[in-house]
Amino acid sequence: MLRFEHVSKMYKNGKTAVDDLSFEFEQGEFICFIGPSGCGKTTTMKMINRLIEPTKGSIYINGENVMEKDPVQLRREIGYVIQQIGLFPHMTIRQNISLVPKLLKWPEEKRRARAAELLNLVNMTPDYLDKYPHELSGGQQQRIGVLRALAADQPLILMDEPFGALDPITRDALQEEFKKLQRRLGKTIVFVTHDMDEALKLADRIVIMRDGRIVQCDTPDEILRNPADDFVEEFIGKDRLIQARPNIQTVEQIMNPSPITITGDRTLTDAIQLMKQNRVDSLLVVDDQKILKGYVDVEIIDQKRRKARLVNDVLETEFTVAKDTLVRDTIRVILKKGVKYVPVTDHEHRLVGIVTRASLVDIVYDSIWGEEEVTQ
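With an unreviewed UniProt entry as reference, the chain is termed Quaternary amine transport ATP-binding protein, source organism Paenibacillus aceti. As recorded by UniProt, the Subunit (unreviewed entry) comment attached to the chain reads in full: "The complex is probably composed of two ATP-binding proteins, two transmembrane proteins and a solute-binding protein." Under the Sequence similarities (unreviewed entry) heading, UniProt states for the chain: "Belongs to the ABC transporter superfamily."

In structure tokens form, the structure reads like this:
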């Protein structure tokens, strides 16, 4: 899908920004470039769509040399998302999303359908299509920036620190959302970040750079377990949680497969009785197909029981993780958000289990102390 052959970028002042890079990535991979400021990661990405021209070497996308293509046409064939988003304030959300398809002369009906389809992928309602960027929150604007890069259905998307300006909670939510979206659509992503947590969470492979060269290119787990040298070890941080049990990888392996649930058509009285029977203070709400709809707890019911009768009337949305999410990512979510549990869903959003703080205790201990004996 994407191949660099001995690519370098040198400037007239004698500075070498990128020095003899060679690598190859397959279709559908999520690749994160990371490294200290000035290491060449953004330059590397911008050479792919020729915003920066390489001095030496060749870059191929699906076997085609990018230097042999018209640069304007090349950029229309590659999605591009930047930290500043770059939405046009005088255009509606529909017009912003449809910009590249319009340049590619898609029929208007096809453009409108594509914009509505994409908006649904990030759980935004159709009424947003006629709004303007200033009417959206920062997180919503960033979603639109991502959708615009996906609009023309380009197989390759370049992303330059797209979530860097967002608050931590919005950023976490968008990372989860975008990773699910990437898996569903099978896009190849080249993602530049300065945040190691973000790279570990999103990437299939991480490229760590220093002084224009690649120091290590590997999977997140391999980098955590076998850093290439002292620089990589220091860069990722020795205090990061590393799974000490290699046989435990995903939340599916440690989740409780039988969480206490209730359907939305049951009454609040039913919900209270079910909580009492099972000695819990919250319930996960599902439909008849086990699709997760949200949750209710004692506090919510106490606040709203005078104005509501059914569970559907008071349920709140719930943060979830997919069953193939790595355990280390789930630990990070629970610690950051301060939640007691996280529901686990399959790729159709059906509830399949729950991970609690208690179920993670042994893994956290192993991550910190490994095989050391704890003496009294």
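Chemist: Even after reading the chapter, I still don't get helix α6 (residues 138–150), so can you show me in this structure?
Modeler: Since one α-helical turn is 3.6 residues long, residues separated by three or four positions face the same way. Between its first and last C-alpha, α6 extends 19 Å over 13 residues, near the 18 Å set by a 1.5 Å rise per residue. A large share of α6 lies buried, amounting to eleven of its 13 residues. For α6, the full list of buried residues reads Gly139, Gln140, Gln142, Arg143, Ile144, Gly145, Val146, Leu147, Arg148, Ala149 and Leu150.

Chemist: How should the pattern of salt bridges be read in this particular structure?
Modeler: Opposite charge on two side chains permits them to pair, given that their charged atoms come into close proximity. Enumeration over the complete set of coordinates arrives at 15 salt bridges. Arg3 is the salt-bridge partner of Glu5, the closest N and O atoms lying 2.9 Å from each other. With a relative accessible area of 26%, Arg3 lands in the partly exposed category. For Asp19, the salt bridge goes to Arg213, with nearest N and O atoms at 3.1 Å. Taken as a pair, Asp19 in strand β2 (residues 16–25) and Arg213 in strand β10 (residues 213–218) lie far apart in primary sequence, 194 residues in all. Each of Glu64, Lys69 and Glu77 takes part in one network of salt bridges that share partners.

Chemist: Teacher, can you tell me more about the environment of Leu202 here?
Modeler: Tracing the chain through its elements places Leu202 in helix α8 (residues 196–202). Sequence separation between Leu202 and Lys179 is 23 residues, and the spatial gap between their C-alpha atoms is 6.3 Å. Setting aside chain neighbours within four positions, we find Leu202 in contact with Phe30, Cys32, Gln175, Lys179 and Phe191.

Chemist: Explain unusual backbone geometry to me, please; I cannot follow it from the model alone.
Modeler: What is expected of a backbone is that most residues other than glycine have negative phi and most peptide bonds are trans. One non-glycine residue, Asn62, lies in positive phi territory at about 50°. With respect to the element layout, Asn62 can be found in the loop between β4 (56–61) and β5 (64–65).

Chemist: Mind showing me how you'd approach the sheet that holds strand β12 (residues 282–286) here?
Modeler: The three strands lie next to each other as β11-β12-β13, forming an open sheet whose pairing is mixed. The open sheet has two edge strands with one neighbour each: β11 (261–263) and β13 (292–297). In this sheet, adjacent strand axes meet at a mean angle of 35° when their direction is disregarded. Both β11 and β12 contribute to a ladder of three bridges, which runs parallel. The partner of Thr263 across the bridge, within β12, is Val286.

Chemist: Would you mind showing me how to read the nonpolar core here?
Modeler: One recurring pattern in soluble globular proteins is that nonpolar side chains are buried together. Counting residues in hydrophobic clusters, the biggest one holds 43 residues, and the most contacted among them are Ile97, Ile144, Ile206 and Ile208. If one sorts the elements of this core by residue count, α6 sits on top with five residues. Other than its neighbours up to four places away in sequence, Ile144 contacts Leu87, Ile93, Ile97, Leu119, Met124 and Leu136. Counting 26 residues, the second-largest nonpolar core is a separate cluster that includes Val7, Met45, Val66 and Val207.

Chemist: How should the side chain of Asp346 be read in this particular structure?
Modeler: When you line up the elements, Asp346 lands in the loop between β15 (341–345) and β16 (351–356). Here Asp346 falls in the buried class, since its relative accessible area comes to 11%. Side-chain polar atoms of Asp346 contact the backbone nitrogen of Glu348, separated by 2.9 Å. Filtering out sequence-adjacent residues up to four positions away, Asp346 remains in contact with Lys323 and Val352.

Chemist: It is not clear to me how the sheet that holds β16 should be interpreted in this structure. Could you clarify?
Modeler: Backbone hydrogen bonds hold the strands of a sheet together, and the pairing may be parallel or antiparallel. Taken in spatial order, the three strands line up as β14-β15-β16 in an open sheet, and their pairing is mixed. This sheet does not close on itself; its edge strands, each paired only once, are β14 (321–322) and β16. Strand direction decides the pairing type here: β14 and β15, joined by two bridges, are parallel. In the sheet register, Val321 faces β15, and the bridge partner there is Val344. With respect to the sheet, helix α13 (residues 327–337) is in contact with β14, β15 and β16, its orientation differing from that of β16 by roughly 65°.

Chemist: Explain the pairing of β2 to me, please; I cannot follow it from the model alone.
Modeler: Regular strands place their side chains on alternate faces of the sheet. As paired elements, strand β1 (residues 2–10) and β2 share six bridges and run antiparallel to each other. Note that in β2 the partner of Leu2 across the bridge is Phe25. Remark: five residues form the turn of the hairpin made by β1 and β2, two consecutive strands paired antiparallel; Gly14 in that turn has positive phi of roughly 90°.

Chemist: Where do I start with the environment of Lys293 in this structure?
Modeler: Residue placement: Lys293 occurs in strand β13. Note on Lys293: relative accessible area 44%, which makes it partly exposed. Separated by 131 residues in the primary sequence, Lys293 and Pro162 place their C-alpha atoms 29 Å from one another. Lys293 has contacts with Val285, Val286, Asp287, Leu315 and Glu316, leaving out every residue within four places of it along the chain.

Thresholds, definitions, all that
Residues numbered from 1 in each chain as written. Predicted model: local features only at pLDDT ≥ 70, side-chain atom pairs only at ≥ 80, totals over all residues. Heavy atoms only, no water. UniProt positions renumbered as here; feature names shortened; annotations may be inferred. Helix = DSSP H or I, 4+ residues; strand = E, 2+ residues; numbered from the N terminus. Expected span 1.5 Å × (residues − 1). Buried < 20%, exposed > 50% of the residue type's maximum accessible area, 1.4 Å probe, protein only. Salt bridge = Lys/Arg side-chain N within 4 Å of Asp/Glu carboxyl O. Contact = heavy atoms within 4.5 Å. Pairing = 2+ DSSP bridges. Axes fitted to C-alpha atoms, helices over the stretch in contact; angles between N-to-C directions. Core = buried A, V, L, I, M, F, W, Y, C linked by side-chain atoms within 4.5 Å. Polar contact = N/O pair within 3.5 Å; in protein donor to acceptor, adjacent residues only side chain to side chain.

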